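So you can see what is in the structure, the chains are spelled out below.
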Amino acid sequence: MSRTKARTALLQELEAAMRRSSAQGVLYGQTVANVAGIANSDLECMDILYLEGRVTAGRLAEVTGLTTGAITGVVDRLEKAGLVRRERDETDRRKVFIAVVPDAAMKIGQFYVPMQQAMEKVFGGYSDEELRLLLRFANDGYKGVLAATEALKSLLDTPPEKRPALKLKKLRR
């Protein structure tokens, strides 16, 4: 097999593996959301809040790509469930931050213990150098997904008759 064909096959295999992993992650998150009694998208927003720390609704909208109106609904539902709270800024009372309630985060976090244990076992098979490569891959992949999300949003904002034709590459089986 030529180097080009071997690389193409490797890239296709990597894409398929990433898609399977991503889909399973979504399904795992859906299971956690079901157990927690909230919508999966709300759980994902809560996770982003947990990672970002205390942020404004505007910042949460920016990070998630949701509208500020949609974020208001998410925050209302999460607040009603006792998972987040709104906190006024000490210096500017007009500014409101959204913060995860730590005890609630711990309760939901317990459902991620099996995932955390499984991933610790997987990561244990890699050297520090390999882990640094995986970290770079994960961070670069995140940036790629952000760029793709923005491209898709701009495409959806274009009237259908003016959208460029997109062709999905077929995976070899």
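Residues numbered from 1 in each chain as written. Predicted model: local features only at pLDDT ≥ 70, side-chain atom pairs only at ≥ 80, totals over all residues. Heavy atoms only, no water.

Within an unreviewed UniProt entry, the label attached to the chain reads MarR family transcriptional regulator, and the organism entered is Bradyrhizobium zhanjiangense.

A. Local environment of the overall build of the chain. The helix and strand inventory of the chain stands at seven helices and three strands. Here the C-alpha radius of gyration of the chain, 20 Å, is well above what a compact globule of 173 residues would show, namely 16 Å. Across its three principal axes, the chain shows a C-alpha extent of roughly 65 × 50 × 30 Å. Split into buried and exposed, the 173 residues of the chain put 20% on the buried side. Excluding contacts between residues fewer than 6 apart, the proportion of contacts in the chain whose partners are at least 24 apart in sequence is 45%. As presented, the chain carries roughly 13,300 Å² of accessible surface, and 57% of it is formed by carbon and sulfur atoms. The positive charge centre, built from 28 side chains, and the negative charge centre, built from 22, are 8 Å apart in the chain. (Helix = DSSP H or I, 4+ residues; strand = E, 2+ residues; numbered from the N terminus. Rg over C-alpha atoms; globule rule 2.2 N^0.38 Å. Buried < 20%, exposed > 50% of the residue type's maximum accessible area, 1.4 Å probe, protein only. Contact = heavy atoms within 4.5 Å. Areas by Shrake-Rupley, 256 points an atom, 1.4 Å probe, with all protein chains shown as cover. Lys, Arg positive; Asp, Glu negative; His and termini not counted. Charge placed at Lys NZ, Arg CZ, Asp CG, Glu CD.)

B. Main features of the UniProt feature "domain: HTH marR-type" (unreviewed entry) in the chain. Following the UniProt record, one finds the feature "domain: HTH marR-type" (unreviewed entry) at residues 7–143. Note that residues 7–143 is 72% helix and 9% strand, and that its end C-alpha atoms are spaced 23 Å apart. (UniProt positions renumbered as here; feature names shortened; annotations may be inferred.)

C. Broad picture of the sheet that holds strand β3 (residues 96–100). Read across the open sheet, the three strands follow the order β1-β3-β2; overall the sheet is antiparallel. Because the sheet does not close on itself, it has two edges, and the strands there are β1 (55–56) and β2 (84–88). Relative to β3, β2 runs antiparallel, the two sharing five bridges. For Arg-88, the partnering residue across the bridge sits in β3 and is Val-96. Sitting on the sheet, helix α4 (residues 68–80) is in contact with β2 and β3, with an inclination near 110° to β2. (Pairing = 2+ DSSP bridges. Axes fitted to C-alpha atoms, helices over the stretch in contact; angles between N-to-C directions.)

D. Representation of helix α2 (residues 40–52). Between its first and last C-alpha atoms α2 spans 18 Å; for 13 residues at 1.5 Å apiece the expected length is 18 Å, and the two agree. Residue Gly-53 follows α2 closely and has a positive phi angle near 90°. (Expected span 1.5 Å × (residues − 1).)

E. Expanded view of the nonpolar core. Core analysis: the largest hydrophobic core is formed by 23 residues, its most contacted members being Met-46, Leu-49, Leu-78, Leu-83 and Val-84. For this core, the secondary-structure elements that each account for two or more residues are α1 (3–36), α2, α3 (57–64), α4, β3 and α5 (102–109). Setting aside chain neighbours within four positions, we find Leu-78 in contact with Ile-38, Asp-42, Met-46, Leu-83 and Val-84. (Core = buried A, V, L, I, M, F, W, Y, C linked by side-chain atoms within 4.5 Å.)

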